[in-house]
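# Tertiary structure, described
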Amino acid sequence: ASIAACCEDILAAAHSAPVVAAGPATTVALAANASRIYADLCNDSGNAIYVALGVAAALNTGLLIEPSGVRRTRFQGAINFISSLAGDRLLVTSYT
């Protein structure tokens, strides 16, 4: 299949500014969006980031994203994350 055929349902890609974690506290990466087809989450820091779908994030639980790692999710609810240090960055691209 061509790239155009596999991506024809995507209307727009929105790249947010890097979301900076507030340290060991849950931080909103994306608000709920029923139009979201999927989202890419990229850990742009040197520490592990944990992602929670629809609930507050907690250290050492949920989806682990290692440093420089990427996760893709089709979840349309709120996406939260947490890291152990203030200033860690999560890059977010949401496709609708």
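Reading guide: rules and limits
Residues numbered from 1 in each chain as written. Predicted model: local features only at pLDDT ≥ 70, side-chain atom pairs only at ≥ 80, totals over all residues. Heavy atoms only, no water. Helix = DSSP H or I, 4+ residues; strand = E, 2+ residues; numbered from the N terminus. Buried < 20%, exposed > 50% of the residue type's maximum accessible area, 1.4 Å probe, protein only. Areas by Shrake-Rupley, 256 points an atom, 1.4 Å probe, with all protein chains shown as cover. Pairing = 2+ DSSP bridges. Axes fitted to C-alpha atoms, helices over the stretch in contact; angles between N-to-C directions. pLDDT = per-residue confidence, 0-100. Contact = heavy atoms within 4.5 Å.

### Here we look at the overall build of the protein
Looking only at helices and strands, one finds one helix and nine strands in the protein. Along the chain direction, N to C, the helices and strands of the protein fall in the order α-β-β-β-β-β-β-β-β-β. In the protein, buried positions account for 35% of the 96 residues. Counting every atom, the protein has about 5200 Å² of accessible surface; 59% of that belongs to carbon and sulfur.

### Examining the pairing of strand S5 (residues 49–53)
In terms of burial, S5 is largely enclosed, as four of its five residues are buried. Here S5 runs beside strand S6 (residues 63–65); their pairing, made up of three bridges, is antiparallel. Across the sheet, Tyr50 pairs through a bridge with Leu64, a residue of S6.

### Points about the sheet that holds S5
With respect to topology, four strands assemble into an open sheet ordered S3-S8-S5-S6, the strand pairing being antiparallel. On the outer flanks of this sheet lie strand S3 (27–30) and S6, each paired with one strand and no other. If you compare each strand with its neighbour and ignore which way they point, the axes differ by 35° on average.

### Let's talk about the confidence of the model for the protein
The predicted model of the protein averages 84 in pLDDT, with 78% of residues at 70 or higher. Here residues 1–7 scores under 50 on pLDDT; set against residues more than four positions off or in separate chains, the count is zero contacts.

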